[in-house]
Structures are given as structure tokens and as C-alpha cells.
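Each chain is listed here by its residues.
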Amino acid sequence: MMHRGVHFFSQEGAIPPPAGDGLLGIPGRRAAALSGWGFPVLPGIILDTGIAAELGTASPREAAEIGRTIKAHLDACARIMGKRCEDRENPLLLKIEASSNLAVSQYPSLRNVGLARSGYAGLAGRAGEAFADRALAVLTQGMLALEARIQELEGNERARKRLEALRAALGRYKPGALKPGTDPMDACAGYVPEGFFAGPDEQLMAALRSFSRLLALDDQNDRDTALLIRPLVYGGYGDDSYAGVCFSRNPISGEKRLEGECRRISPEGLEREGGAAAKIPPRYRKTLQRIASTLEHACRDIRRIVFAVEQGRLWIIEQGPVERRSVQADIALLLDLVRQRVIDTATAVKAVEPLRLNEILHPLINPQSAAALPSWKGGIAGAPGAAIGRVCFSTNALLEARKRAQRKGEDCRFILVLTASFAGDVKAIEASAGVLTAEGGYAAHASVVARQYGKVSLVAPALRFQDQAAFLGGLRFAQGDYITLDAPFYGESSVYQGKAELIEPNPVETGLFDFIALCRECLRGFQVRANAETPQDARLALSFGAEGIGLCRTEHMFLGAERINVFRELILAASAEERKKALRKLQRMQRGDFYAILKIMAGKEVAVRLLDAPLHEFLPHNEQEFSGFLAHLEKGAKNKADRAALAARFASLEECNPMLGRRGCRIAVSYPEIYAMQIQAVFEAAYALWDEQVDARPDILIPLVMNASELKLIAYGKKIEGARYAGIVEVEEALREAKRGKSRGPGRLPPYGIGVMIELPAAALGAAELAKYARFFSFGTNDLTQTVLGVSRDDCAAFMPDYTRFDLIDGDPFSTLDPRVKELIALAVERGRLTRPDLVCGLCGEHGANPANIRFCLDAGVDYVSCSPYSVPIALLAAAQAELDRTAGGYQRPVEY
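Residues numbered from 1 in each chain as written. Predicted model: local features only at pLDDT ≥ 70, side-chain atom pairs only at ≥ 80, totals over all residues. Heavy atoms only, no water.

1. Topic: the packing of aromatic side chains
All chains considered together, the criterion is met by 12 aromatic pairs. Both rings, one in Phe 558 and one in Phe 567, keep their centres 4.6 Å apart while their planes meet at 25°; by these two values the pair is stacked. In this pair, the class of Phe 558 matches that of Phe 567, namely buried. With a centroid separation of 6.2 Å and an interplanar angle of 65°, the aromatic rings of Tyr 716 and Tyr 773 are classed as edge-to-face. (Phe/Tyr/Trp six-rings, centres within 6.5 Å; stacked < 30°, edge-to-face > 60°. Buried < 20%, exposed > 50% of the residue type's maximum accessible area, 1.4 Å probe, protein only.)

Next up, the structure:
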């Protein structure tokens with residue numbers, strides 16, 4: 001009668017499902033999973049968790065039954081393998097290992113079990129004396145290590161001393177160095193139990209009893225570890241013998257081809273000849289490819305296969321998941337499985353962690369190229385990726401250096417290195433490869449702008465400037481020196497002195513576009529839009545699957561080298577005529593900007609946020625910018641500009657707390673002509689496109705509103721004391737009237753939306769009133785977080801580590817929405833829809849790319865999120881997964897063997 005706790009598996013038959021998978025342990029489950037499929041699987045025996053630790057306490061009757069069962073299964077192994085344990089010419093040797101239910105086993109394994117006196121000469125004759133001596137040494141050392149663990153658990157130091165003695169002996173012991181007539185087994189007999197080398201059956205049972213004793217003594221073993229016994233096959237038995245590891249596909253690129261290595265081991269077991277898996281003889285390669293494909297389908301995962309060829313016979317030893325593989329490889333696998341109908345779309349979408357997509361959206365450092373470069377580690381990754389370039393310490397220096405490099409055909413990559421960035425630095429960030437700053441954090445100006453333009457941003461608080469050089473830890477770099485920034489989404493950021501090599505992403509080759517298409521199939525009305533204000537950003541966002549533009553920040557459109565000076569003319573105009581002149585120039589520029597973006601986004605909403613930034617942000621911040629503005633004013637002018645008067649005017653516009661000063665809609669109250677110019681430009685561009693039969697869909701977004709009166713004024717205008725304020729509606733109606741009869745389009749635009757930015761607690765609390773005049777809400781969560789918590793996003797990096805150390809705040813509030821901010825958003829949505837049931841709500845801060853925030857948005861009734869173009873795929877995947885979780889259907893977790 002066979003003992004129910006001893007299981008056998010082979011290519012001829014699988015183990016019947018036990019009461020629970022935990023009975024076999026992880027290695028046991030993986031090995032047993034290979035059986036029954038007709039693969040040339042190395043057979044094996046498993047003593048399950050119910051008996052593995054009980055061999056020493058089993059009754060004589062049960063012990064005999066276990067022994068007979070193991071013997072019967074060993075006979076089956078011998079029949080399949082074509083050799084027996086007691087064979088004097090070609091002995092079958094075994095390996096015993098603990099099969100734990102933990103991912104990492106804490107127990108040793110034992111190899112070459114069964115190498116008794118009867119088989120030693122046969123092994124030496126077949127594989128060489130050196131091979132046999134080495135096998136004996138490994139077995140002896142393994143037994144001693146096992147005994148040492150046992151004695152250690154019992155508090156006995158004797159075994160550890162014996163282990164040291166054995167290691168010393170093995171260091172002196174070399175094949176062929178024994179004195180003539182010395183028996184190798186006699187040399188090792190003193191280190192193993194008495195009679196250990198008498199016979200293979202006795203040796204196996206002695207080893208099993210030692211293992212069982214170890215499991216019984218270990219307090220960490222909760223009777224959840226089995227024992228796995230398998231024959232050993234060797235890649236050193238002649239020319240047609242190999243040992244290797246292969247993968248079902250390339251674990252980096254995801255290409256569907258057998259990947260790995262195969263090595264031929266010399267008869268002595270010492271010298272090895274290496275070769276790629278492609279060099280495996282075709283008859284083995286074809287079988288391995290078939291096995292790999294079968295395992296991928298069954299496990300729905302990339303598999304690692306350990307195999308050996310012994311004298312022309314291929315054996316599959318084990319298989320399991322690939323621990324280190326790229327998200328590109330995972331996506332390639334999932335797309336293949338969907339095409340082959342092995343899994344459904346929902347399963348593929350749920351299988352990838354959203355933030356892992358950063359790996360294929362941004363460049364990566366080739367680790368080998370950076371290994372020898374001096375480096376500094378730390379800082380905050382404001383915008384993930386890697387960048388290489390020459391250092392520039394100012395915007396003007398970078399722009400000039402780039403022009404020179406272009407003229408000379410030199411390397412045009414530059415890194416902007418500053419204490420902090422401002423509005424005037426946007427053009428340099430856009431032209432740079434990356435930006436390194438000393439101040440700020442994930443939500444700081446440099447980080448936000450860098451994410452928008454797909455650049456790398458790293459904040460290093462330790463960065464210092466002195467004597468025309470920058471210092472970071474032990475690094476010193478001057479203007480023009482090469483540095484490399486590495487800001488991975490996961491892990492520690494680094495700055496390298498010198499040039500490393502980059503691995504550039506390719507969305508087509510990585511399968512990203514196809515995977516995005518799967519994600520969009522899972523969405524049920526929820527949208528992901530993009531923050532974009534240039535045609536390049538709009539195209540990129542569209543290619544990544546964006547359903548429109550949720551935030552077009554018009555202040556960024558004024559930051560070009562020429563435009564910012566025209567805008568400065570507007571701010572500093574001394575008369576209405578000068579102001580109108582500057583406005584006309586800006587209107588032409590804005591009309592062209594809006595035309596290009598609306599055309600690219602035809603058929604999709606584009607939310608144009610009117611000017612938001614404080615006016616002082618557009619003023620010169622240093623002497624170089626000041627001189628450049630003076631030169632602009634004097635170009636074509638008869639008289640020189642009055643430097644002192646300009647400086648005084650600049651000083652008068654400075655504010656003590658600009659983020660809560662004259663910005664957003666407050667600019668429109670003081671300078672209505674600025675918003676009027678922008679609104680006119682939007683509708684002129686839209687009507688021009690409708691004349692061309694292009695479906696332009698502009699929405700107007702009003703920032704930093706604190707009450708309904710502000711919104712009503714800007715949307716519908718007002719007459720007071722003989723003065724008149726022209727609102728958005730009036731500007732659009734006037735333009736429509738002027739075009740009546742002249743338009744080749746349908747006559748008027750489709751209903752455009754007037755929306756309001758909810759960035760202040762007052763706006764959130766007053767949502768019911770705001771919804772009377774706004775068709776949509778857009779939650780600007782960066783400012784809302786600042787005003788709710790009273791924390792500056794640009795300064796919090798200085799004290800946030802201390803708050804984290806004392807657990808005073810849960811995470812970064814500028815990355816993950818604070819509970820009180822969430823409460824205000826949910827409240828505003830609810831109150832707004834009581835007034836206007838069809839109110840559309842979006843979230844357009846950088847929080848929109850965080851998967852945790854997206855789940856909240858779905859639960860709170862928010863209709864879309866808007867984020868930087870490079871974050872759109874991440875947000876799409878997170879939204880699709882959240883939708884699937886809500887419907888709770890279609891997802892099957894990958895099988896783990």
C-alpha cells in the first residue's frame with residue numbers, strides 16, 4: 001500500500017490535486033506542474049508537508065510504509081532514467097531539497113545522494129576520477145552543513161567546528177592528490193553518519209531523516225515545508241551533454257524567441273565552454289521552444305526553464321517565473337496571449353502595474369556605461385527618466401550654447417542647473433535635455449514644466465554654487481562640463497559626472513500603443529485628457545490616447561524668447577494705445593497657437609485656461625534678462641529706454657504673496673483687455689477651423705475663482721457707472737455676428753463650455769452657486785492642496801522629510817491627494833450637480849496621473865483627469881483597472897507554479 005503523503009510525478013503522469021496546494025511547497029508545485037504534459041520532465045518524489053517533519057517520530061509501521069513507497073517511486077524513476085541507484089556502472093544519483101511555501105528557502109539542499117561505495121567506481125569510470133571525487137566532496141560537505149544546522153538549532157557548537165575542519169580538509173584535498181591506496185570514501189567517512197556510504201538506499205533514508213529532524217527543530221517551520229527528491233543529470237557526460245537555462249522569450253525586449261544560455265561541461269567538471277541558446281543543437285532547441293510556448297500559455301507569464309542534456313537525452317529540471325524582466329517584455333507577452341485568445345483584454349490590462357509604464361516612456365541609463373563614473377545619489381525625481389548634457393547655469397547661457405552647437409554641428413544636449421526655476425526659464429527647460437535644481441520637489445515649477453515637455457527633472461537639496469561651479473557631494477562641475485541625470489520612477493536617483501549611454505524608448509517597438517488600445521476598450525465613459533499648450537504636446541498626447549485637452553495653460557504660450565518681451569510691453573504699457581498695440585501682437589500669436597491645437601484635437605474638447613500666473617512672473621529676474629528686454633524696447637526706437645524708470649515699474653509690480661495675489665481671474669478684473677484678447681483669439685481660431693469644416697471644440701476655463709460674482713462678471717459681463725465689461729458670451733456673439741453670411745462653416749460653433757477652476761476652498765464650498773454659470777468644473781489640485789493645507793509646493797521639500805520621519809503626514813500631498821482635499825472635491829461635485837445635473841467635472845493637476853487618485857475620481861463622480869502627455873498612458877491604465885474593479889469581472893490572476 002502506498003503512503004498518501006508520498007507523491008510521484010513524471011512525464012507519464014501528474015500528481016492528483018492534493019487537499020491544498022500548500023502541501024507540496026513552491027518548488028514542488030512548480031516541478032509537479034510540468035508533469036502530465038508529455039515533456040521530458042525529470043521525474044521526482046515529494047514528501048508533503050504532512051510528513052516531511054515527522055519521519056523521526058513516525059511509528060515503525062508508518063516508517064516502513066513510507067520507505068516502501070519511496071522505493072517503489074525510485075524504481076519508477078530508474079525505469080524512466082535508464083539507470084538505477086545501485087548500478088555499479090552508471091549509478092543514479094539524487095538531489096534532496098526543502099520545498100517551502102516561502103519564496104526564498106532558508107534550508108540547504110543535498111546533492112549526489114546515492115553515491116555509495118558500490119557506485120563510486122562506475123561514476124569515476126564514466127565521468128572521470130576528478131568528477132567522482134568532486135561529487136563525493138559536495139555530498140559530504142552538504143551532509144555536514146545539514147548536521148551543523150541541526151546542532152546549531154539544538155545549541156551545539158560541535159557541528160560548526162566540524163564544518164570548519166571539513167572545509168580545511170577540502171581545501172587541501174584535490175583530485176588525484178591522494179596517496180596511492182587511499183580510499184576517497186574513507187577520507188570522507190569521518191564527517192558523515194556511520195554507515196552512510198554502505199548502500200544507496202540506506203544513504204537516502206539517512207539523509208531524509210536528517211532533513212526531517214532539521215524541519216522538526218526549526219521554530220520558523222510551521223509544518224509548511226515539503227521535501228523534494230529528484231534524480232541528478234549531468235552536463236559533463238561526454239560531448240553530447242549540456243546544462244542550461246532558457247527563457248520562453250527575451251526578458252528585456254519581449255521578442256518571442258528562446259533566450260538564455262547553454263554550457264557544455266568537460267568530463268573533469270572543471271573547464272566550461274559557453275554559448276548562447278541559439279547554439280543549442282536544433283533537435284533540442286525545437287523541443288525547448290515548444291515547451292516554453294506551452295508553459296507561457298498555461299501560466300500566462302514569461303517562464304524560466306532549467307534543463308540538462310545527458311548523453312543525448314533532454315531533461316527539463318524545473319521552471320518558474322522570471323524575476324527580473326522589463327515591462328516591455330510583459331506587454332509583448334500579454335499582447336500575444338490576447339491575440340491567441342489565451343487571455344481576455346481585462347486580464348491583460350490588470351496584469352501590469354500602471355507606474356511600471358514609466359520604464360518605456362522615458363530613456364534609461366545603460367548601467368554598464370555608468371559603472372566607472374563618479375556619482376552622487378539621492379534627491380527627488382521631479383520628472384522621471386535619464387538625460388545627458390553639458391551644464392548651463394542660466395536660461396540665456398543654455399539657449400546661446402545651443403545655438404552655437406547647432407551652427408557648428410556639435411552635441412546639442414544641455415542640462416539646466418539652477419537653484420530654482422521661474423516662468424522665464426520655461427524656454428530653457430523645453431530646449432534642454434533635463435534640469436537639476438536645488439529647491440522644490442515633485443510639484444515644484446521645474447518638475448511640473450519638465451514633465452509637461454517630457455524632460456528629466458531632479459531636485460538635489462545638497463546642490464551648492466560657488467566660484468562659477470556647482471558642487472554636489474564629492475562632485476564639482478563647471479559650465480560646459482558633461483553630467484548625466486538618472487531619475488528613475490522607482491529607486492534612488494543619481495547624478496554622474498561625465499557621459500553615460502542612454503537607452504531610448506520606442507512606443508511602437510515596445511507595444512505601448514497596442515496596449516493603450518486595450519486599456520481604452522475597458523473604459524466606460526471615464527476619460528483621460530492631457531495638459532498641453534503646444535502642437536507638439538497635443539500630437540504626443542493624442543498618440544498616447546488622450547481624449548482631448550483638459551488644461552491648456554495659456555501663460556506658457558507667452559514664454560518664447562520674443563513673446564515674453566511683447567508680454568512685458570503689455571504689462572508696462574503707460575497708455576491705453578501702447579497696451580492695445582501689444583495686445584494686437586499677442587492676439588495674432590495666440591490665434592495661431594489655438595488654431596494649431598484645436599485642429600490637431602479636432603472632435604475633442606480643448607479647455608483653454610485663461611491667463612493664471614501672477615504678472616510679476618513674466619518680469620526679468622536677473623540683469624541678463626533685464627538687458628535683453630531693454631535691447632528689445634530700443635530696437636527701432638528713437639530714444640533709449642529709461643532703465644531707472646523701468647526698474648521702478650518692475651519693483652511696483654512685486655507682490656509679497658503672489659500665489660494669492662493678483663493672478664487668475666483677478667488679472668481679468670484689473671486688466672479686462674487681457675482676457676478679452678485671449679477669448680477673441682480662441683473664437684477666431686475656432687471659426688477659422690469651422691470654415692475649413694474642422695470640428696473645433698474650444699472650452700474656456702477661468703482660473704482661481706473664489707465666488708460666483710467673479711465668474712458671472714467674466715462669463716457674461718457687466719455695466720456699471722457708464723463703464724462696460726465685455727464677457728465671454730458677448731465676445732463670441734460679436735464675432736459670430738461679424739462673420740454672419742461670410743462663414744463657409746455651419747454658421748456657429750457647437751455649444752462651447754465656460755468652466756471654472758476649483759482651486760480654493762471657498763470655490764469648493766460655493767460650488768452650488770458657481771454651477772449656475774459654469775458648464776464644467778476643473779479641480780486644480782496643486783493649488784487646492786496648497787490652500788487647504790497651507791503648504792507651499794515649492795518650499796515643502798525643505799521640511800517634508802522631517803514630517804515623514806515623525807509620521808506627521810501620510811505621503812506627499814502633492815502626489816497623493818490629502819483626505820481633506822478629497823472631501824472638498826467630493827463635496828463640490830455633489831453640490832454642483834444639485835444645481836446642474838449635467839455638470840462635467842475634471843481633475844487637471846499633476847495628481848491626475850496617480851493611480852490612487854484616479855480610483856478616488858471614479859468613486860467621487862469625476863468625469864476625467866488631465867495630466868502631462870507622458871503620464872497619459874499611466875492614467876489610462878490606472879483608469880481601466882479601476883473600471884474593471886468596479887465591474888468586478890473578466891480578471892483572472894496569473895497562475896503561480
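Now that the structure has been shown, we can carry on.
2. Considerations on a nonpolar patch on the surface
A grouping of Phe 799, Tyr 803, Phe 806 and Leu 808 is seen on the molecular surface, where their side chains present a nonpolar patch of about 410 Å² in accessible area. Along the chain, Tyr 803 falls in helix α29 (residues 800–805). (Patch = residues over 30% accessible without salt bridge, like charges linked within 9 Å, V, L, I, M, F, W, Y side chains within 5 Å. Areas by Shrake-Rupley, 256 points an atom, 1.4 Å probe, with all protein chains shown as cover. Salt bridge = Lys/Arg side-chain N within 4 Å of Asp/Glu carboxyl O. Helix = DSSP H or I, 4+ residues; strand = E, 2+ residues; numbered from the N terminus.)

3. A short note on the sheet that holds strand β2 (residues 44–47)
Spatial ordering of the open sheet is given by β1-β2-β5-β3-β4, a layout of 5 strands whose pairing is antiparallel. Taken across any chain shown, the strands that pair with only one partner, and hence form the sheet edges, are β1 (6–9) and β4 (110–113). This sheet shows a mean twist of 25° between the axes of neighbouring strands, independent of strand direction. As defined by bridge partners, strand β3 (residues 94–100) adjoins strand β5 (residues 225–231) across 7 bridges and the pair is classed as antiparallel. Residue pairing across strands places Ala 98 opposite Leu 227, the latter belonging to β5. On the sheet, helix α2 (residues 60–81) packs against β1, β2, β3 and β5 and is oriented at approximately 10° with respect to β1. (Pairing = 2+ DSSP bridges. Axes fitted to C-alpha atoms, helices over the stretch in contact; angles between N-to-C directions. Contact = heavy atoms within 4.5 Å.)

4. A word on the nonpolar core
Counting residues in each nonpolar core, the largest one holds 159 residues, and the members touching the most others are Leu 357, Phe 567, Leu 611, Ile 728, Phe 777 and Ile 825. With 12 residues, helix α23 (residues 672–691) is the largest single contributor of residues to this core. Sequence-distant contacts of Phe 567, defined by excluding residues within four places in its chain, comprise Phe 558, Leu 586, Leu 611, Leu 615 and Phe 618. (Core = buried A, V, L, I, M, F, W, Y, C linked by side-chain atoms within 4.5 Å.)

5. Observations regarding the sheet that holds strand β16 (residues 434–437)
Reading across from one edge, β12-β22-β21-β14-β15-β16-β17-β13 is the order of the 8 strands in this open sheet, with mixed pairing throughout. The open sheet has two edge strands, β12 (375–377) and β13 (380–383), and neither has a second partner. For this sheet the average axis-to-axis angle between neighbouring strands, irrespective of direction, equals 25°. Taken together, the 3 bridges between β13 and strand β17 (residues 456–459) define a ladder with antiparallel strand orientation. Across the sheet, Ile 380 pairs through a bridge with Val 459, a residue of β17.

6. Overview of the confidence of the model for the protein chain
Close inspection of predicted coordinates is inappropriate in any region flagged by low pLDDT. Across the protein chain, pLDDT averages 86, with 91% of residues at or above 70. In the predicted structure, residues 173–178 sits below a pLDDT of 50 and forms 8 contacts with residues beyond four places in sequence or in another chain. Confidence drops under pLDDT 50 across residues 266–278; counting only partners more than four residues distant or on other chains, this segment forms 30 contacts. (pLDDT = per-residue confidence, 0-100.)

7. Focus: helix α20 (residues 623–634)
Under the 1.5 Å per step criterion, the end-to-end length of α20 is 16 Å for 12 residues, consistent within 8% with the ideal 16 Å. Turning to α20, its buried residues are Glu 625, Phe 626, Phe 629, Leu 630 and His 632. One face of α20 carries all of its buried residues, which in axial projection span an arc of 160°. Contacts made by the buried residues of α20 are with α13 (395–408), α18 (563–572) and α21 (643–653). (Expected span 1.5 Å × (residues − 1). Arc of directions from axis to C-beta.)

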